[in-house]
Amino acid sequence: MVNSFEFHSPTKIYFGNGAENRTGAILRDFGATSVLLVYGGNSARKSGLLDLIRYSLKEQNLSVTELGGVVPNPRVNKVYEGISAGLRTHVDFVLAIGGGSCIDTAKAIAYGIAEADRDVWELFAHKRKATACLPVGSVLTIAAAGSESSNGCVITNEATGEKRAYDDDLARPKFAVMNPAYTMSLPDFQTESGCVDIMMHTMERYFTNSGNMEITDAIAEGLLRTVMKNAVILHQNPVNYDARAEVMWAGSLAHNDLTCCGNGGGDFMSHQLEHELGGMFDVTHGAGLAAIWPSWARYVYRDCMTRFVKFARNVMDITIEGSDEEIAEAGICAMENFYHSIGMPVNIRELGIAPTEGQIEEMADRCRTACGEHRGSARRLSVEDMIQIYKNAR
Ligand code: NZQ
Ligand code: ZN
């Protein structure tokens, strides 16, 4: 049955070659006067994009404050640094240049500046809800997290190793500038990890017991097939513009909630389990998801059989005759083969880490805390289930 839903995806997209040159004018259109520019390590400097954006903002006489050095699995201390800098210079807009880590840092700073008398980490610890947030925009350089159009924000507290998400429409970006050409400099591992993340945002919403809507499933299946096809092309030819474009647009559609309309809120337990791996071992998010998913899928598929069979048939092209169980298992195997074909891991060992029993128990315990009441839809997981999924993934 089709679930009732609300869908509002207000992020304005500027897509294509040269789109970045308009960034200053776009910011003006959105009412910005003083902008905090948030970027990462070296890639935006090296590609020349950072200088180009600086120039575009200067052309519009915008005041600019800069915060570089955001790292993957972005840290709350960098967020605090950005809040202080932004308050000092009275910024009224936060612009990220980069991927999920820079955009999430920008969102967290935007929350922190808007409620300067409160500790922003309280949002991630789920102790309160935000009541205000500065406007955020991005110039995207990696197709992956979908943060450019999502209401999510994921930050790691380096003191405790907790990686926590806070979702709120207040931080949904006003705009995203996307020129696929700027993603061509990505190392293959980051490109393919990004493709996995995009696919997983779709699959998290697909494997659900909460509702059914044919049009939503068709969009999700088409998106998955398109990303798989282009992930293979990019594995061989990283400078194929059209493949970059397909994947980049898919990244935004996969996480702006389009693919859960009528299906309920999705499962998201692979994500929850991976976030703990990221918090404890600082692994690349998409690769971490590839390492967890097969174990999760084999643990839960009997409780979500119809969708696993549909996935095997419509996405993985499984044509064998057999029981539902055989078809579902064949679909999971085919996904593992696909991950291997693009250089992705299919278990934690291949991810390059070896958590101890104690670390697994700790991750499962933290995961339970982070999930609250949302412990999956394909199957609701207990802490014992989480421990078993981590163990089976080793
Ligand atoms: O710091 P630089 O030098 O820019 O290097 C980055 C970084 O090392 C590099 N990179 C980015 N664009 C590049 C490039 N290198 C060469 N050329 C380019 N054009 O790529 C590395 C990874 O960047 P990052 O921003 O971390 O990648 P991604 O977009 O995958 O973001 C991952 C983060 O987003 C969170 C993840 O948990 C993780 O912390 N997520 C955020 C979500 C959201 N807000 O909605 C949802 C996701 O499920 C996810 O959890
Ligand atoms: Zn993700």
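Just so you know, these numbers come straight off a predicted model, no measurement behind them.

(A) Structural detail: helix H15 (residues 357-371). Taking 1.5 Å of rise per residue, the 15 residues of H15 would be expected to cover 21 Å, and the 21 Å separating its terminal C-alpha atoms lies within 8% of that figure. Listed in full, the buried residues belonging to H15 are Ile360, Met363, Ala364, Arg366, Cys367, Ala370 and Cys371. Considered in projection along H15, the buried side chains sweep an arc of 165° and stay on one side of the axis. Residues of H15 that are buried sit in contact with strand S7 (162-165), helix H10 (269-281) and helix H16 (383-392). A positive phi of about 60° marks Gly372, the residue just after H15.

(B) Focus on the site of ligand 1. Around ligand 1, a shell composed of 32 residues is seen, among which Gly41, Ser43, Ser101, Ser150 and His201 lie nearest. Within the backbone of Gly41, one N or O atom sits 2.6 Å away from an oxygen atom of ligand 1. Here an oxygen atom of ligand 1 and a side-chain polar atom of Ser150 are 2.7 Å apart. Summarising the interface, the protein chains cover 88% of the accessible area of ligand 1, which totals 950 Å² for the free molecule. Along the lines of polarity and charge, the residues of the shell around ligand 1 split into 10 nonpolar, 19 polar and 3 charged. Each of domain 1 (12-182) and domain 2 (188-392) gives at least three residues to the shell around ligand 1.

(C) Broad picture of the domain arrangement of the protein. Assigned domains within the protein: domain 1 (12-182) and domain 2 (188-392). Measuring from the centre of the C-alpha atoms in domain 1 to the corresponding centre in domain 2 gives 26 Å. Taken together, the contacts link 28 residues of domain 1 with 28 residues of domain 2. Here domain 1 meets domain 2 over a buried area of about 2,100 Å², counting both sides, of which 55% is carbon and sulfur. One can count 3 salt bridges joining domain 1 with domain 2. The residue Arg172 makes a salt bridge to Asp257 at a minimum N-O spacing of 3.2 Å. Inspection of the region where domain 1 meets domain 2 yields 10 residue pairs in polar contact (both at pLDDT 80 or more). Elements supplying a minimum of two residues to the side of domain 1 that touches domain 2: strand S1 (12-15) and S7. Counting residues per element, the side of domain 1 that touches domain 2 draws most heavily on S7, which supplies 3 residues. Residues of the side of domain 1 that touches domain 2, tallied by class, amount to 12 nonpolar, 10 polar and 6 charged.

(D) Up close: the packing of aromatic side chains. Scanning the entire structure with this criterion turns up 17 aromatic pairs. An aromatic cluster of at least three residues, connected via ring pairs, comprises Tyr206, Phe207, Trp293, Trp296, Tyr301, Phe308 and Phe311. Positioned over the ring face of Tyr206 is Arg307, at 5.1 Å from the centre of the ring.

(E) Spotlight on the environment of Arg45. Tracing the backbone through its elements, the reader meets Arg45 in helix H2 (residues 43-46). Overall, the relative accessible area of 45% leaves Arg45 in the partly exposed class. The residues contacting Arg45, other than those within four sequence positions of it, are Tyr39 and Leu50.

(F) Geometry of the nonpolar core. Ranked by internal contacts, the top residues of the largest apolar core, which has 104 residues, are Met203, Trp293, Trp296, Phe308, Phe311, Met335 and Tyr339. Looking at which element gives the most residues to this core, the answer is helix H11 (residues 285-300), with 9 residues. Shared between two domains, this core holds at least three residues of each, these being domain 1 (12-182) and domain 2 (188-392). Setting aside residues up to four positions removed in sequence, Trp296 forms contacts with Phe207, Asp267, Met269, Ser270, Phe308, Ala378, Leu381 and Ile389. One finds Ala32, Val35, Leu62 and Val139 within the second-largest nonpolar core, a separate group that totals 21 residues.

Conventions we followed
Residues numbered from 1 in each chain as written. Chains lettered and ligands numbered in written order. Predicted model: local features only at pLDDT ≥ 70, side-chain atom pairs only at ≥ 80, totals over all residues. Heavy atoms only, no water. Helix = DSSP H or I, 4+ residues; strand = E, 2+ residues; numbered from the N terminus. Expected span 1.5 Å × (residues − 1). Buried < 20%, exposed > 50% of the residue type's maximum accessible area, 1.4 Å probe, protein only. Arc of directions from axis to C-beta. Contact = heavy atoms within 4.5 Å. Near = heavy atom within 4 Å. Polar contact = N/O pair within 3.5 Å; in protein donor to acceptor, adjacent residues only side chain to side chain. Areas by Shrake-Rupley, 256 points an atom, 1.4 Å probe, with all protein chains shown as cover. Nonpolar A, V, L, I, M, F, W, Y, C, P; charged D, E, K, R; others polar. Domains from an automatic or database assignment. Buried area = accessible area lost by both parts, 1.4 Å probe. Salt bridge = Lys/Arg side-chain N within 4 Å of Asp/Glu carboxyl O. Phe/Tyr/Trp six-rings, centres within 6.5 Å; stacked < 30°, edge-to-face > 60°. Lys NZ or Arg CZ within 6 Å of the ring centre and 35° of its normal. Core = buried A, V, L, I, M, F, W, Y, C linked by side-chain atoms within 4.5 Å.

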